[in-house]
Amino acid sequence: MKLIVGIIKPFKLDDVKDALKDLGVQGLTVSDVQGFGRQRGHTEVYRGAEYTIDFVPKVRIEILVDDADVERITTAIVETSRTGKIGDGKVWVVPVDSVVRIRTGEAGPDAV
Amino acid sequence: MKINAGDTAWVLVSAALVLFMTPGLALFYGGMVRAKNVLAMLMQNFFAMGIVTVLWVLFGYTLAFGGFGNGGVIGNFDFIGLKDISSEMVFAGTAIPVLAFVAFQLTFAVITPALITGAIADRMRFVAWVGFIILWSVLVYLPVAHWIFAGGWLAERGALDFAGGAVVHVNAGAGALALVFLLGKRRRWPKEPMPPHSLPLTLLGTGILWFGWFGFNAGSALAANGVAAQAFLNTFVAAAAAMVAWLIVERLKDGHATTLGAASGAVAGLVAITPCAGFVGGLAPLAIGGVAGAVCYLAISLKFRFGYDDSLDVIAVHLVGGIIGSVLLGLFADASVNPAGADGVFFGGGWSLFGEQVLAVVVVMVFSFTVSLAIGFGLKKALPGGIRVSEEDEETGLDLTQHSETGYALERV
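Residues numbered from 1 in each chain as written. Chains lettered and ligands numbered in written order. Predicted model: local features only at pLDDT ≥ 70, side-chain atom pairs only at ≥ 80, totals over all residues.

Moving on: the overall build of chain B. Summing up its helical and strand segments, chain B has 15 helices and zero strands in all. By the compact-globule yardstick of 22 Å for 413 residues, chain B fits well, its C-alpha radius of gyration being 20 Å. Along the three orthogonal principal directions, the C-alpha set of chain B runs to about 65 × 50 × 40 Å. The burial tally for chain B puts 59% of its 413 residues in the buried class. Across chain B, the fraction of contacts at a sequence separation of at least 24, relative to all contacts at a separation of at least 6, is 77%. (Helix = DSSP H or I, 4+ residues; strand = E, 2+ residues; numbered from the N terminus. Rg over C-alpha atoms; globule rule 2.2 N^0.38 Å. Buried ≥ 20, exposed ≤ 12 C-beta atoms within 10 Å, placed from the backbone. Contact = placed C-beta atoms within 7 Å.)

Now the structure itself:
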């Protein structure tokens, strides 16, 4: 089992969600996050005073998957969230030791 | 004169319009502070409607307007507790009841100290503000209102101030400057960004201010007549011209026309036209507003150059705007608009009015700054805990530490 984590541009969330649904993904978790990468932040001007805002809003998505599905789901996220401009984000995969479905008590791949 | 129904109706409505400006100002400022301080800002303004009204009926009105036309420095106690003012009494030189005048002037006394709150945002203890607004109203506002609005010594010399360029805006602006020096900067200002938390609130507040300002300026005619209509239109035009001017300068200097710029420009124009409203005509408001919009924008950079934290630019907008309007009146005043006024330099009146305008501005500025400094310093010594919140309370925010409330309950966890 693996956990796929993606940091993407917020406006791409709907496209990614639809693509994952088409692949039969059963569930995912999303959260609003802030941070910076090579894109850095942006500037805002209030009454002539310029402020650098270091952290840009992004969306973090998390999906638990079977080892066999990692490749195609990762590819789907990367392809749907790519604009080609700086700040598109990242996707990474981490191993997961155990998973339990709370309602039924199922454990392991059955719970994914 | 007998009480005139039209005049009375207009002045009563104007009093309500001007009172509405104080919550408008609260929103204008409240939107500009950080979310953790929004209630404290609203409260400092709202509280003015409470405390100043109480002071006004007890002794404020009589100290400002008792002995009207005595050419002196302060009123008297003839009307203490509003005694001897019957509902039939007519205010001298007008056709409105004295009680309408009492209510109308009360709304000015409320909003003037409230203007100061923008400069001291995010760091003054509420108890210190309570002390300050009481002492400032009594020791600064009442005498200055008497000098100019009640036929005191500056009015007798010939200074003109239709609705409060000096009495309200220069006066509050100079008081704000004094408090800014006493309080010091907010922590980490100007290194850390402290952007407005809700510009929609600020724009709503601007709309309310603009709306209410028609009562402020046109109501100051104390009659429903041509001078009131002239003041109404001048108010409208100056706000519009100043908004456009601010946005043009901002676009050229910073690259964008901002909503905060539009709001600030409109208010700067409203401030500058205040002393002139019923004394100028034609396209003068276009020029006065235009100058105010551009100059007030440029005045904001002063706080960065000299390192004083006038948090929401009360000095750049109200002090500078009030000076611009009061002084430009010496050029643009036109006695054919209002026989109670005078002719300025451009209308063949020579430089005497201009001189009186400059004198009035300087006197009010020096008086307000000095007395405000003394009041603030006295409070700093007298209050256990001083006038400024602790570093920890400043970090937590004034809403929670001063009022035990939060402005927005958005988090569900």
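Now that the structure has been shown, we can carry on.
This next bit is on the overall build of chain A. Looking only at helices and strands, one finds two helices and six strands in chain A. Along chain A, from the amino end to the carboxyl end, the secondary structure elements read β-α-β-β-β-β-α-β. Taken over C-alpha atoms, the radius of gyration comes to 17 Å for chain A, far larger than the 13 Å a tight globule of 112 residues would show. Taking the principal axes of its C-alpha atoms as reference, chain A extends roughly 60 × 25 × 20 Å. Looking at chain A residue by residue over its 112 residues, the buried ones come to 14%. Considering only intrachain contacts with a sequence separation of at least 6, the fraction spanning at least 24 residues in chain A is 69%.

Between its first and last C-alpha, helix 9 (residues 259-273) of chain B extends 22 Å over 15 residues, near the 21 Å set by a 1.5 Å rise per residue. Counting buried positions over the 15 residues of helix 9 of chain B gives 13, a clear majority of the element. (Expected span 1.5 Å × (residues − 1).)

Before going further, it helps to examine the sheet that holds strand 1 (residues 2-8) of chain A. Residue and element names in this part refer to chain A. Read from one edge to the other, the open sheet built from four strands follows the order 2-5-1-6, with strand pairing classed as antiparallel. A strand with exactly one partner marks an edge of an open sheet, and here the two such strands are strand 2 (29-35) and strand 6 (89-95). Across the sheet, the mean angle from the axis of one strand to that of its neighbour is 20 degrees, orientation sign disregarded. (Pairing = 2+ DSSP bridges. Axes fitted to C-alpha atoms, helices over the stretch in contact; angles between N-to-C directions.)

Turning our attention to the nonpolar core. It is characteristic of soluble globular proteins that their nonpolar side chains tend to be buried jointly. Within the largest apolar cluster, 157 residues are counted, with the highest numbers of intra-cluster contacts made by Ile148(B), Ala242(B), Leu270(B), Cys276(B), Ile288(B), Ala292(B) and Val320(B). In this structure Ile148(B) touches Leu154(B), Ala155(B), Ala159(B), Asp161(B), Ala166(B), Val167(B) and Ala360(B), once residues within four positions along its chain are discounted. (Core = buried A, V, L, I, M, F, W, Y, C linked by C-beta atoms within 7 Å.)

Moving on, we get to unusual backbone geometry. The amide bond that connects Trp189(B) to the next residue, Pro190(B), takes the cis arrangement and shows omega of 5 degrees. Checked against the element boundaries, Pro190(B) lands in the loop between helix 6 (165-183) and helix 7 (199-218). Here Arg47(A), not a glycine, exhibits a phi torsion of approximately 50 degrees, which is positive. By the C-beta count within 10 Å, which is 23 here, Arg47(A) ends up buried.

With that settled, consider the environment of Ala95(B). All names here are of chain B. Take Ala-95: it is sitting in the loop between helix 2 (38-65) and helix 3 (98-116). The class for Ala-95 is partly exposed, based on 19 C-beta atoms found within 10 Å. C-alpha separation for the pair Ala-95 and Leu-270, spaced 175 residues apart in sequence, amounts to 27 Å. The contact partners of Ala-95, leaving out residues within four places of it in the chain, are Met-1, Lys-2, Ile-3, Asn-4, Asp-7, Val-90 and Ala-223.

Residues and elements named next belong to chain B. Contact geometry for helix 2 and helix 4 (residues 126-149): axes closest at 9 Å, N-to-C directions at 40 degrees. Judged on the interaxial angle alone, helix 4 and helix 2 are oblique. For the pair helix 2 and helix 4, the sense of crossing is right-handed. Between helix 2 and helix 4, the contacting residues are Ala-40, Gln-44, Ala-48, Ile-51, Val-52, Leu-55, Gly-60, Leu-63 and Ala-64 on the first element and Phe-126, Trp-129, Ile-133, Ile-134, Ser-137, Val-138, Leu-142, Ala-145 and His-146 on the second. Of the residues belonging to the contact of helix 2 with helix 4, the class tally is 14 nonpolar, four polar and no charged. (Parallel < 35°, antiparallel > 145°, perpendicular 65-115°, else oblique. Left-handed = near helix turned anticlockwise from the far one by under 90°. Nonpolar A, V, L, I, M, F, W, Y, C, P; charged D, E, K, R; others polar.)

Time to look at the interface of chain A and chain B. Between chain A and chain B, the residue contacts involve seven residues of the former and 14 residues of the latter. Secondary-structure elements contributing two or more residues to the side of chain A that touches chain B are strand 3 (42-46) and strand 4 (49-53) of chain A. Grouping the amino acids of the side of chain A that touches chain B by side-chain chemistry returns four nonpolar, one polar and two charged.

Residue and element names in this part refer to chain B. The N-to-C vectors of helix 4 and helix 6 enclose an angle of 145 degrees; their axes lie 10 Å apart at closest approach. When you trace helix 4 past helix 6, the crossing you get is right-handed. Judged by residue contacts, Trp-136, Val-140, Tyr-141, Val-144, Ala-145, Ile-148 and Phe-149 of helix 4 engage Ala-166, Val-167, Asn-171 and Gly-175 from helix 6. Its residues assigned to classes, the contact of helix 4 with helix 6 shows nine nonpolar, two polar and no charged.

To continue, consider helix 3 of chain B. Taking 1.5 Å per residue as the helical rise, helix 3 of chain B with its 19 residues ought to reach 27 Å, and the 29 Å between its terminal C-alpha atoms agrees with that figure. The buried fraction of helix 3 of chain B is high, at 18 of 19 residues.

All names here are of chain A. In the sheet, strand 1 pairs with strand 5 (residues 56-65) via seven bridges, with the strands oriented antiparallel. Bridge assignment links Gly-6 to a residue of strand 5, and that residue is Ile-61. As paired elements, strand 2 and strand 5 share seven bridges and run antiparallel to each other. If you follow Ser-31 over to strand 5, its bridge partner there is Arg-60.

All names here are of chain A. Of the pairings in the sheet, the one linking strand 3 to strand 4 comprises five bridges and is antiparallel in character. If you follow Tyr-46 over to strand 4, its bridge partner there is Ala-49. The loop that links strand 3 with its antiparallel partner strand 4 comprises two residues; one of these, Arg-47, has a positive phi angle of about 50 degrees.

All names here are of chain B. Here Ala-239 lies in helix 8 (residues 226-254). Classification of Ala-239 by C-beta neighbours within 10 Å gives buried; the count is 27. For the pair Ala-239 and Ala-292, spaced 53 residues apart in the sequence, the C-alpha separation amounts to 9.4 Å. Sequence-distant contacts of Ala-239, that is, excluding residues within four places in its chain, are made with Trp-210, Ala-266, Gly-269, Leu-270 and Gly-289.

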